[in-house]
Amino acid sequence: MLSLLCRTLHPPPPLAMAARVLPRALHSAHASAMAFSANSHFLTLPLPTVAHVSFAKSSSIFGRKFHNGLSCTGDRKWSVGGWYGKVFASQRDYRKFRKRPLKKRDKEKELELSVKICIEEQLPDDPEILDIAEMLRLNVPMAMKLAFDNLKDSEYQTRDRVINDVGCFETVELSVLLCNDEFIRELNKDWRDEDHPTDVLSMSQHIPELELPILMLGDIVISVETAARQAEERGHSLLDEIRILLVHGLLHLLGFDHELSDEAEAEMEKEEEILLKSLGWKGKGLIQSAYDAEDADSRPLENIDRKKEGSLRFYRPKFSYIFCDMDGTLLNSKSQISSATVEALREATSRGVKVVIATGKTRPAVITLFKSVGLAGKDGIASEVSPGVFVQGLLVYGRQGREISRRNLDLNVCKEAILYSLEHKVPLIAFSEDRCLTLFHHPLVDSLHTIYNEPKAEIIPSVDQLLARTDIQKVIFLDTVEGVNTTLRPYWAEAIGDNASVVQACPDMLEIVPPGTSKGSGVKILLDHLGVSPKEIMAIGDGENDVEMLELASLGVALSNGSEKAKATADVIGASNDDNGAADAIYRYAF
């Protein structure tokens, strides 16, 4: 029997603090500390080395509760210090060793490899995960043994040599934790100030100053969710990917760091390749795999080999993309994105689902809104390099945020609308790409900027100047709900004939757009550009301008606050936007 030992997490030095692969594209992990004794697995290695491997239902490293579903005997409760607490000698009887001079280990004496394999509590009782954990009982000591042997003849110039020879130690301890994206995201944020999930983190616990006979190598944390996505992208099994991540994490603990320089990256990549080849494990090293994945980003999703039905069922989303409206959908009645919706969007992106905005708004308005909740930028939901459908589908941006489609409103219709605005003193805004134009100041015009975050309207002194300055995609009349329903809509529905169309996203606004305009057509253009089938997408909306998009998607969700046309078209009707309807739909239907 091997009892798991309790220790606090020593704050590692800055360079060894938390190592990971190249940067990529998610609640606190709640649990009490619990540990139990497990049957030890002994592995006979070529050299006189004994590997003690135990499964842990609780991590002695993080003070958090884990599970695995494997048989075990007995358990006992204990407590640990905080993540950043110091290692106190009394907690592990370190005092009796500190004064003892270390000697070279007797060649006849076996080096004990103590390995703990942990499964985080929130992972499901998935047979695939349990099988992988069982396999790691054999794989981890093998990888450690080979990596240690390679240190003896290492000529790498960039490796930190604080660990150079394990011969002076009696025991080497290593913990490997399999977790989900939520757990590793929290670690990544706390230790590296990067608020996103990652594939592997290495956290050193070696403290040379203590001069212990135990080499506490550290902890390797692997997100099974991210590993599953990467395995699918790279065309090999989840076990293969986790083995690759294990090797990468182990090399970081042994002083390799690809982020230091090009030379360091090349040296670590070479050692990854040597270890994987020597162990007979499939796949390229993580560094090379990451570059290969970047080169394959433009590959259409339907050309990626899919695993058999039911495999990785916990991690696989039902849809590759979620197309989502803004006003009345992601935004509540105060034109805000609720914290619940923010978390749902993060959950979706963390699981590999790409969220694309399809809205009547301009791109700057959308970016401003997502920036306010920390979801803008290259790794967020909206940015100038993200795909999206804007201004009712009249402006469509594809890969790298480049414009792939634009439709403009007929010039004569524009002129009639502007003259009507002047004559009846009804405020009007003309949308021209990222700009909003108007002819006179009005409080309702200001509200489009202050409430709906659209670019502040520029006042153009004359009709001719406005029409001559730039292309116009659409115009919006702003009035009361009654004014729109009783006056504006009846008049313009008849006046424009076949030269334009009338749509409504909000009850107090009337939009005049080119004929045949719809978000659905814009979404279709974007899907063709990305090489994505409508079967791979879910759509969420509320207005009549969302109808075609809801029809196109494999699953269309209309919120209960939406128009009757939208609800009649949708496959399901969700909660209202003020009840976090979009968030509920994501959790309920996307996974």
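What counts, and where the lines are drawn
- Residues numbered from 1 in each chain as written.
- Predicted model: local features only at pLDDT ≥ 70, side-chain atom pairs only at ≥ 80, totals over all residues.
- Heavy atoms only, no water.
- Pairing = 2+ DSSP bridges.
- Helix = DSSP H or I, 4+ residues; strand = E, 2+ residues; numbered from the N terminus.
- Contact = heavy atoms within 4.5 Å.
- Axes fitted to C-alpha atoms, helices over the stretch in contact; angles between N-to-C directions.
- Phe/Tyr/Trp six-rings, centres within 6.5 Å; stacked < 30°, edge-to-face > 60°.
- Lys NZ or Arg CZ within 6 Å of the ring centre and 35° of its normal.
- 1 Å grid on protein atoms, 1.4 Å probe; cavity = no way out; pocket = protein on both sides within 12 Å on 5 of 7 lines; lining within 4 Å.
- Points joined across faces, edges and corners; volume = space filled by probe spheres on them.
- Nonpolar A, V, L, I, M, F, W, Y, C, P; charged D, E, K, R; others polar.
- Salt bridge = Lys/Arg side-chain N within 4 Å of Asp/Glu carboxyl O.
- Buried < 20%, exposed > 50% of the residue type's maximum accessible area, 1.4 Å probe, protein only.
- Parallel < 35°, antiparallel > 145°, perpendicular 65-115°, else oblique.
- Left-handed = near helix turned anticlockwise from the far one by under 90°.
- Patch = residues over 30% accessible without salt bridge, like charges linked within 9 Å, V, L, I, M, F, W, Y side chains within 5 Å.
- Areas by Shrake-Rupley, 256 points an atom, 1.4 Å probe, with all protein chains shown as cover.
- Expected span 1.5 Å × (residues − 1).

### Points about the sheet that holds strand 17 (residues 435-438)
Ordered in space as 18-17-16-19-21-20, the six strands form an open sheet in which the pairing is mixed. Each edge of the sheet is formed by a strand with only one pairing partner; in this case those strands are strand 18 (458-459) and strand 20 (501-503). Bridging between strand 16 (residues 428-432) and strand 19 (residues 474-478) involves four bridges; their strand directions are antiparallel. The partner of L428 across the bridge, within strand 19, is F477. Against the sheet, helix 12 (residues 443-450) touches strand 16, strand 17, strand 19 and strand 21 (509-513), its axis set at about 40° to strand 16. Lying over the sheet, helix 14 (residues 481-495) contacts strand 19, strand 20 and strand 21, oriented at roughly 10° with respect to strand 21.

### Here we look at the packing of aromatic side chains
Under the defined criterion, the tally for this structure stands at eight aromatic pairs. Among the aromatic residues, those joined into a ring-pair cluster are Y420, F477, Y491 and W492. Over the ring of Y397 we find R363, and its NZ or CZ is 3.8 Å from the ring centre. Sitting over the ring of F440, K425 keeps its end group 6.0 Å from the ring centre.

### Details of the layout of surface pockets
Each pocket or cavity is described by its volume, and for the second largest pocket that value is around 410 Å³. Lining of the second largest pocket is provided by 21 residues; of these, G328, A505, C506, P507 and D542 occupy positions nearest its centre. Here the residues of the lining of the second largest pocket are counted per class, giving six nonpolar, 10 polar and five charged.

### Comments concerning the pattern of salt bridges
Counted by the stated rule, this structure contains 20 salt bridges. D327 is the salt-bridge partner of K361, the closest N and O atoms lying 3.4 Å from each other. Here the residue K361 occupies a position in the loop between strand 12 (354-357) and helix 10 (363-371), and D327 occupies one in helix 8 (residues 326-330), the gap between them amounting to 34 residues. A relative accessible area of 2% places K361 in the buried class. Residue classification places D327 among the buried positions, given a relative accessible area of 14%. Two residues, E343 and R346, come together in a salt bridge whose shortest N-O distance is 3.4 Å.

### A word on the environment of I244
Note on placement: I244 falls in helix 5 (residues 238-253). On a C-alpha basis, the gap between I244 and E272 in space is 8.2 Å, while along the polypeptide they are 28 residues apart.

### Quick notes on the packing of helix 2 (residues 127-152) against helix 6 (residues 262-279)
Axis separation between helix 2 and helix 6 bottoms out at 10 Å; the angle between their running directions is 130°. Judged by the inter-axis angle, helix 2 sits oblique to helix 6. For the pair helix 2 and helix 6, the sense of crossing is right-handed. Note on element contacts: helix 6 touches helix 2 through E271, I274, L275, S278 and L279, opposite M142, A143, L146, A147 and N150. When grouped by side-chain class, the residues that make up the contact of helix 2 with helix 6 number seven nonpolar, two polar and one charged.

### Regarding a nonpolar patch on the surface
Residues M135, L138 and M142 make up a contiguous nonpolar surface patch of roughly 200 Å² in combined accessible area. Its place among the elements puts M135 in helix 2.

### A look at helix 6
The end-to-end C-alpha distance of helix 6 is 26 Å, a good match for the 26 Å that 18 residues give at a rise of 1.5 Å each. Remark: G280 follows helix 6 within two positions and exhibits a positive phi of approximately 75°.

### Regarding empty space enclosed by the protein
When its volume is computed, the largest cavity comes out at roughly 140 Å³. Secondary-structure elements contributing two or more residues to the lining of the largest cavity are strand 19 and strand 21. Of the residues that constitute the lining of the largest cavity, the class distribution is seven nonpolar, three polar and seven charged. As a volume, the second largest cavity reaches approximately 40 Å³. Lining of the second largest cavity is provided by T329, L330, L331, N332, S338, T341, N577, N580, G581, A582 and A583.

### As for unusual backbone geometry
Despite not being glycine, D193 has its phi angle at roughly 60°, a positive value. When you line up the elements, D193 lands in the loop between helix 3 (181-192) and strand 9 (200-204). Although it is not a glycine, Q392 sits at a positive phi angle of roughly 65°. With respect to the secondary-structure elements, Q392 resides in the loop between strand 13 (388-390) and strand 14 (395-397).

### As for the packing of helix 2 against helix 5
Between helix 2 and helix 5, the least distance of the axes is 10 Å, while the angle of their chain directions is 35°. As helix 2 runs across helix 5, the sense of the crossing is right-handed. In this structure, helix 2 contributes E128, I132, M135, L136, N139, V140, A143, M144 and A147 to the contact, and helix 5 contributes L238, L239, I242, R243, L246 and L250. When grouped by side-chain class, the residues that make up the contact of helix 2 with helix 5 number 12 nonpolar, one polar and two charged.

All we've got here are geometric facts, nothing functional implied.
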